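Given next are the chains, with one letter for each unit.
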Amino acid sequence: MLPPKLSEASWAGGAADRRGTGDVAPAGSRRTQTNGSRKRWRPVKDQSKFEAQLDPGFAAEIAAEVEHGERLHQCIQCGTCSSACPVSAYMDLTPRRLIAMSRAGARDDVLHSFTPWVCTSCYACTIECPKQIPITEIMHALRRISLQEKSYPRRFTTPVMTKAFVDMIHDRGRSTESWISMKLYLRTNPAQLIKNAWIGQRLMRQGRMGLRRESIHDRQKLRTMLEAVSS
Amino acid sequence: MSTQRYVYYPGCSATGVGRGFTESLDAVFEHLGTGLDELEDWNCCGATAWPSVDEDQAFALSARNLALAEDRAPDDGPVDVLASCTGCYRALLKAEHVLNEAGPKAEKIGGALEAIGLDYEGRTRVRHPIDILLNEIGLDRIREAVVRPLTGLKVACYYGCLLVRPFATFDDQHNPTSMDRLVAAVGAEPIDWPLKTRCCGGSCYCGGPVIGAMPEATMQLSYALLREATKRGADMIATICPLCQFNLEGFQGRMSKRFGRPLDVPSVFVSQILGIAMGIDEKRLGIQRLLRWQLPDREPVPAEGGVHARA
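Values in this document were obtained by computation on a predicted structure and should not be read as measured data.

**Student:** I would appreciate a short explanation of helix H1 (residues 19-31) of chain B in the present structure.
**Tutor:** Every α-helix winds through 3.6 residues per turn, so residues three or four apart in the chain are directed the same way. All names here are of chain B. Over its 13 residues, H1 runs 18 Å from end to end, which matches the ideal 18 Å to within 8%, given 1.5 Å per residue. The buried fraction of H1 is high, at eleven of 13 residues. Those residues of H1 that fall on the buried side of the exposure criterion are Arg19, Gly20, Phe21, Thr22, Glu23, Ser24, Leu25, Asp26, Ala27, Val28 and Phe29. Check the buried side of H1 and you find it contacts strand S2 (35-38), helix H5 (129-137), helix H10 (242-250), strand S8 (267-269), helix H12 (270-277) and helix H13 (282-285). The first or second residue beyond H1 is glycine 33, which carries a positive phi of 90°.

Now the structure itself:
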């Protein structure tokens, strides 16, 4: 069962639906909670899973990807990660919940979640975790798996930016901020390009941003090296 | 007393949006009698975006930089590699850890380096310029170099996330104080505030566009920092990461409108504050590249020296 895609408006407003069950209901609507009324905004979804839908090896799969990943199995669900996280309010599944669902084997829900892509990699959770679970690295691992399986949120900004960034480094060896921002805006939200044009222009006048693409000398060698790693 | 020159890895952001950081560090190090040599033909460290696609390739990217830096090492000893951007700092440190552990990953990356005619023996030490300023050059030499003490200037030192996390190499993870000590050494007053290491939302991706990635979250996070700093009377925010600096500086107008609290706090690099106190020319420190910059009109000081001496 795939969770419905969250529209941008629903998470950007800070009122993300914590249960990840779909679009945010209009404020004050009590009907959303009842399943029986005739005119309802949306049905309450059955969140329970049949065992056949679960993948019990999922937690082990993540653990194998990450150094010290096996500590994932020792999580005590204290919620320190969720409270330490500066952006947990914007996540559809909080880090604690994500770990619980990974261990339960809810593979599809976890891999389709926005959470790994909202993560800012600030490592606040990692250093606070009483069980020393490398949560940030687990987020990175989840990103890798969801990219491989193509289950990442397609129109969300961070995967788009990650791809644009990686393509650029693969090609030129260095990143140029102006090109990445333009690519990001054009692929996700062109209106932002106009909105942020003034600051780009100011930065260009100060010599902090340019349209010339940065590059290293040995571009071919860099590609050879990267191919040698993946082979 | 160290007079050696250091190998410097600037990274993409500290040569782009955060150009002032590289310029001011260069000037300050030169002024203190050492110097920075930019690593030749360095490549991107992979930031946090590349580990999200392929972790081994991300290590290989950093390993290439480390191998290039190692060529500059003296025959007998290790070489210090200075990474100014904290995103690069983390990436290089992490790669160094993996390579020094000599596991299967290190072998794989070593093989890839061999394919392009490089090798890495583990003779680099990745360090942050703040670490060098504090622990190699020392506060005494910095105090001696001050010609214009910034008395009365209240500075909120903002360390950002990746300097002390996940690796705490030279400072406390929860309450770092290295920058406070540097700022105090040039006469300014570091304010006590609790958000020193809270994420600014810069996300350590690739600078400028981050506000485009998650505008609402970024605004909330940066606003929390700016509000706390101004509430505690900071005249300035000192940063050590190009992304934090730009993130805190660039969108204050938008934040003022959004949250209804006027904001106008210069967000600068700590090296620029040190440089001003040492009397280095503002052009060399990249002050003209800041969007906001003013020293406060507090505590009038006699004509020579002091915070008013700025032309």
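From this point, the discussion proceeds with the structure in view.
**Student:** Looking at this model, I keep getting lost on the pairing of strand S3 (residues 79-83) of chain B. Mind explaining?
**Tutor:** Looking down a regular strand, the side chains alternate between one sheet face and the other. Residues and elements named next belong to chain B. The sheet contact formed by strand S1 (residues 5-9) and S3 spans three bridges and is parallel. Across the sheet, residue tyrosine 9 finds its bridge partner in S3, namely alanine 83. Relative to strand S4 (residues 124-127), S3 runs parallel, the two being bridged by four bridges. Paired with aspartate 80 across the strands is arginine 125, a residue of S4.

**Student:** Help me understand the domain arrangement of chain B, please; the structure alone is not making it clear to me.
**Tutor:** Residues and elements named next belong to chain B. What the domain assignment lists for chain B is domain 1 (39-127) and domain 2 (147-309). Computed from C-alpha coordinates alone, the two centres of domain 1 and domain 2 are separated by 30 Å. At the junction of the two partners, domain 1 supplies nine residues and domain 2 supplies eleven residues. Looking at the side of domain 1 that touches domain 2, its residues break down into five nonpolar, three polar and one charged.

**Student:** Sorry if this is basic, but what is going on with the sheet that holds S1(B) here?
**Tutor:** Residues and elements named next belong to chain B. Read across the sheet, four strands follow the order S2-S1-S3-S4 without closing on themselves; strand pairing throughout is parallel. Edge positions in the sheet fall to S2 and S4, since each has one partner strand and no second. On average, each strand axis in the sheet is inclined to that of its neighbour by 40°, with strand direction left out of account.

**Student:** What is the right way to look at the interface of chain B and chain A in this model?
**Tutor:** Frequently, the measure chosen for interface size is the accessible area that the parts lose on association. Listed as interface residues are 49 residues of chain B and, on the opposing side, 53 residues of chain A. Contributing elements (two or more residues each) for the side of chain B that touches chain A: helix H2 (55-70), helix H4 (104-115), helix H8 (210-213) and helix H9 (215-231) of chain B. Tallied by class, the residues present in the side of chain B that touches chain A amount to 25 nonpolar, 14 polar and ten charged.

**Student:** Looking at this model, I keep getting lost on the environment of A:Leu203. Mind explaining?
**Tutor:** Locating A:Leu203 in the fold gives a position in helix H12 (residues 197-205). A:Leu203 gets classed as buried once you count the C-beta atoms within 10 Å, which come to 23. Along the sequence, A:Leu203 and A:Ser178 sit 25 residues apart, while their C-alpha atoms lie 9.9 Å from each other. If we skip the residues at most four places from it in the chain, A:Leu203 touches A:Arg208, A:Met209 and B:Val17.

**Student:** Is there a simple way to explain unusual backbone geometry in this structure?
**Tutor:** A negative phi holds for most residues other than glycine; trans holds for most peptide bonds. In the segment running from B:Arg165 into B:Pro166, the intervening peptide bond is cis, with an omega of -5°. One can find B:Pro166 in the loop between strand S5 (154-157) and helix H7 (178-185). In this structure, A:Gln77 takes a positive phi of about 55° despite not being glycine. When you line up the elements, A:Gln77 lands in the loop between helix H2 (58-65) and helix H3 (80-84). A count of 11 C-beta atoms within 10 Å places A:Gln77 in the exposed class. Positive phi is not limited to glycine here, since A:Tyr123 has a value of about 65°. By the secondary structure assignment, A:Tyr123 is in the loop between helix H6 (115-118) and helix H7 (124-128).

How each quantity is defined
Residues numbered from 1 in each chain as written. Chains lettered and ligands numbered in written order. Predicted model: local features only at pLDDT ≥ 70, side-chain atom pairs only at ≥ 80, totals over all residues. Helix = DSSP H or I, 4+ residues; strand = E, 2+ residues; numbered from the N terminus. Expected span 1.5 Å × (residues − 1). Buried ≥ 20, exposed ≤ 12 C-beta atoms within 10 Å, placed from the backbone. Contact = placed C-beta atoms within 7 Å. Pairing = 2+ DSSP bridges. Domains from an automatic or database assignment. Nonpolar A, V, L, I, M, F, W, Y, C, P; charged D, E, K, R; others polar. Axes fitted to C-alpha atoms, helices over the stretch in contact; angles between N-to-C directions.

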